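What the coordinates show
For reference, the chains in residue letters:
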Amino acid sequence: MNRVGVLGGGRMGSGIAHAFLITGSEVVVVERDVPAADAALVRVRGAVAKSIDRGADVAEGTDERLDVGTDVAAFAECSLVIEAVPEEPDLKVQSLQRAEAAMSPAATLATNTSSISIDRLAKSLERPERFLGLHFFNPVPASKLVEVVIGAATRPQLREIAQGWVRQVGKTPVTVTDSPGFASSRLGVALGLEAIRMLEEGVASAADIDAAMELGYRHPAGPLRTTDIVGLDVRLGIAEELARELGPRFEPPQLLRDMVARGELGRKTGRGFYDWGTDS
């Protein structure tokens, strides 16, 4: 992998950029405007610095191999471009179309969606055979997993190629065919929603619900703490998408809707099921 593009430099996009950058790729990040691009540059450089401080194996010349800007024309020389904008179908479509128009016909376009159908997004593209899902997990530097999602139109050769890209950045690929929520989001959200319902019904405290899964089933983090880390707004969006596709078993609990409406989104706002000012 020589040059990788990332469309969107938020928490996920900057994490993806960091993963490719520290393993030797040239990386170009494109954001919507100059302030957002400046913020993305700070995020990526900060993540690289933390990796170095932790003693991670970081390829030399990260600053020279990183380009952050606002023009998708920078994707022209990329062999892979990964879209990492917020989980909104219309925004995803518009962003993917912009990226594809700037890319070489021989390049691969990927989406980091966690729940939106790859086939649904592919319908808006000129080259659906060169499109697939690369679902990275939050936080990207600490996560060891990437879900490779194969659409109906994805050319067969991309399966092994994409698995190789994932291994290149030191992560493990799991490969699934396109389906609502894929494997990870579908299972993770199902567990998270049930934990929220249990909290809503007064079955136990958030800490005790999480401890049941951490100590009883060896989960590294319980479903409510995980929801705080992912973001309650993100979980709500995925649940709504799955409810539309798979039915009422994924209908979001009212508690989740109420907390999002209050701005209690988890770790990123300092408050969710836990107080991240004191409980993190």
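Attention here is on the structure that accompanies the text. Remember, predicted model here, so these are calculated numbers, not experimental data. (Residues numbered from 1 in each chain as written. Predicted model: local features only at pLDDT ≥ 70, side-chain atom pairs only at ≥ 80, totals over all residues. Heavy atoms only, no water.)

1. Observations regarding the overall build of the protein
Convention followed: The way it works is that DSSP assigns letters per residue, a run of H or I at least four long becomes a helix, a run of E at least two long becomes a strand, and they are numbered from the N terminus. We call two residues in contact whenever any of their non-hydrogen atoms come within 4.5 Å of each other. Surface accessibility follows the Shrake-Rupley procedure with a 1.4 Å probe radius. Residue values consider only the protein chains on display as shielding. By the counting scheme adopted, Arg and Lys are positive, Glu and Asp are negative, and His together with the chain ends is not counted. The atoms used to mark charge sites are NZ of Lys, CZ of Arg, CG of Asp and CD of Glu.
Each helix and strand counted, the protein has 10 helices and 8 strands in total. Projected onto its principal axes, the C-alpha coordinates of the protein cover approximately 55 × 45 × 35 Å. Contacts in the protein between residues far apart in sequence, at least 24 positions, make up 66% of those at least 6 positions apart. Accessible surface computed for the protein: about 12,900 Å², of which carbon and sulfur atoms make up 51%. Mean positive and mean negative side-chain charge positions of the protein (31 and 39 charges, respectively) differ by 3 Å.

2. Let's talk about a positive patch on the surface
The line we're drawing: Only residues whose relative accessible area exceeds 30% and that form no salt bridge are eligible for patches; like-charged ones are grouped when within 9 Å, while nonpolar side chains (Val, Leu, Ile, Met, Phe, Trp, Tyr) are grouped when within 5 Å. Salt bridge criterion: a side-chain nitrogen from Lys or Arg within 4 Å of a carboxyl oxygen from Asp or Glu.
Taken together, the side chains of Arg-11, Lys-50, Arg-54 and Arg-267 define a basic patch exposed on the protein surface. Locating Arg-54 in the fold gives a position in the loop between helix H2 (34-53) and strand S3 (66-69).

3. What about unusual backbone geometry?
Asn-138 connects to Pro-139 through a cis peptide bond whose omega is 0°. A positive phi angle, close to 60°, is found at Arg-218, a residue other than glycine. With respect to the secondary-structure elements, Arg-218 resides in the loop between helix H7 (206-216) and helix H8 (223-230).

4. Some thoughts on the environment of Ala-142
Using the following cut-off: When accessible area is computed with a 1.4 Å probe and restricted to protein chains, residues below 20% of their type maximum are described as buried, those above 50% as exposed, and intermediate ones as partly exposed.
Position of Ala-142 relative to the elements: it lies in the loop between strand S6 (131-136) and strand S7 (145-150). By relative accessible area, Ala-142 is classed as exposed at 56%.

5. What about the environment of Val-28?
With respect to the helices and strands, the residue Val-28 is situated in strand S2 (residues 26-30). For the pair formed by Val-28 and Arg-3, sequence separation is 25 residues and the distance between their alpha carbons is 7.5 Å. Here Val-28 is in contact with Arg-3, Val-4, Gly-5, Val-6, Asp-67, Ala-74, Phe-75 and Cys-78, once residues within four sequence places are set aside.

6. Looking at the side chain of Glu-147
Filter applied, for reference: For this analysis, a polar contact is any N or O atom pair within 3.5 Å, provided that within protein one partner can donate a hydrogen and the other can accept it, and provided that sequence-adjacent residues contribute only side-chain to side-chain pairs.
Along the polypeptide, Glu-147 turns up in strand S7. An unpaired buried charge is present at Glu-147: no salt bridge exists, and Arg-186, the closest side chain of opposite charge, is 10 Å distant. For Glu-147, the side chain forms a polar contact with the main-chain nitrogen of Ala-183, separated by 2.9 Å. Setting aside residues up to four positions removed in sequence, Glu-147 forms contacts with Gly-133, Leu-134, His-135, Phe-137, Val-174, Val-176, Phe-182, Ala-183 and Ser-184.

7. Description of the packing of aromatic side chains
Stated precisely, the cut-off is as follows: Between rings of Phe, Tyr and Trp, where Trp is taken as its six-membered ring, a pair exists when centres lie within 6.5 Å; planes separated by under 30 degrees are stacked, by over 60 edge-to-face, and by other angles tilted. Criterion for a charge above a ring: Lys NZ or Arg CZ within 6 Å of the ring centre, and within 35 degrees of the ring normal.
Using the criterion set out here, one finds 1 aromatic pair in the structure. Here the basic side chain of Arg-225 rests over the ring of Tyr-274, its NZ or CZ set 4.2 Å away from the ring centre. Over the aromatic face of Trp-276 sits the side chain of Arg-267, whose NZ or CZ is 5.8 Å from the ring centroid.

8. Describing the packing of helix H6 (residues 184-200) against helix H10 (residues 254-261)
Between two packed helices, what matters for the description is the angle formed by their axes and the separation of those axes. Using the following cut-off: Axis angles are defined between N-to-C directions and span 0 to 180 degrees, where every axis is a line fitted to C-alpha atoms and, for a helix, only to the segment in contact. Each angle is binned into one of four classes, with values under 35 degrees roughly parallel, values over 145 roughly antiparallel, values of 65 to 115 roughly perpendicular, and all other values oblique.
In contact at an axis separation of 8 Å, H6 and H10 are set at 90° when each is read in the N-to-C sense. The angle between H6 and H10 places the two elements in the roughly perpendicular class. Along the contact surface, H6 presents Leu-193, Ile-196, Leu-199 and Glu-200, while H10 presents Gln-254, Leu-255 and Leu-256.

9. Some thoughts on the packing of H6 against H8
The line we're drawing: The handedness criterion is simple: a crossing whose near helix is rotated anticlockwise from the far helix by less than a right angle is left-handed, and one whose near helix is rotated clockwise is right-handed. Here the nonpolar group is Ala, Val, Leu, Ile, Met, Phe, Trp, Tyr, Cys and Pro; Asp, Glu, Lys and Arg are the charged ones; every other residue, Gly included, is treated as polar.
The N-to-C vectors of H6 and H8 enclose an angle of 115°; their axes lie 9 Å apart at closest approach. Considering the angle they form, H6 stands roughly perpendicular to H8. When the axes of H6 and H8 are compared, the crossing they make is left-handed. Within the contact between the two elements, H6 uses Leu-191, Gly-192, Ala-195, Ile-196 and Leu-199 and H8 uses Pro-223, Leu-224 and Thr-227. Of the residues belonging to the contact of H6 with H8, the class tally is 6 nonpolar, 2 polar and no charged.

10. Overview of the side chain of Asp-178
As for its placement among the helices and strands, Asp-178 is situated in the loop between strand S8 (172-177) and H6. Of the buried charged residues, Asp-178 lacks a salt bridge, with Lys-123 as the closest side chain of opposite charge at 9.0 Å. Of the polar contacts made by the side chain of Asp-178, one reaches the backbone nitrogen of Asp-119; its length is 3.0 Å. Other than its neighbours up to four places away in sequence, Asp-178 contacts Ser-117, Ile-118, Asp-119, Val-149, Ile-150 and Gly-151.

Note that all results are geometric; they support no functional claim without further evidence.
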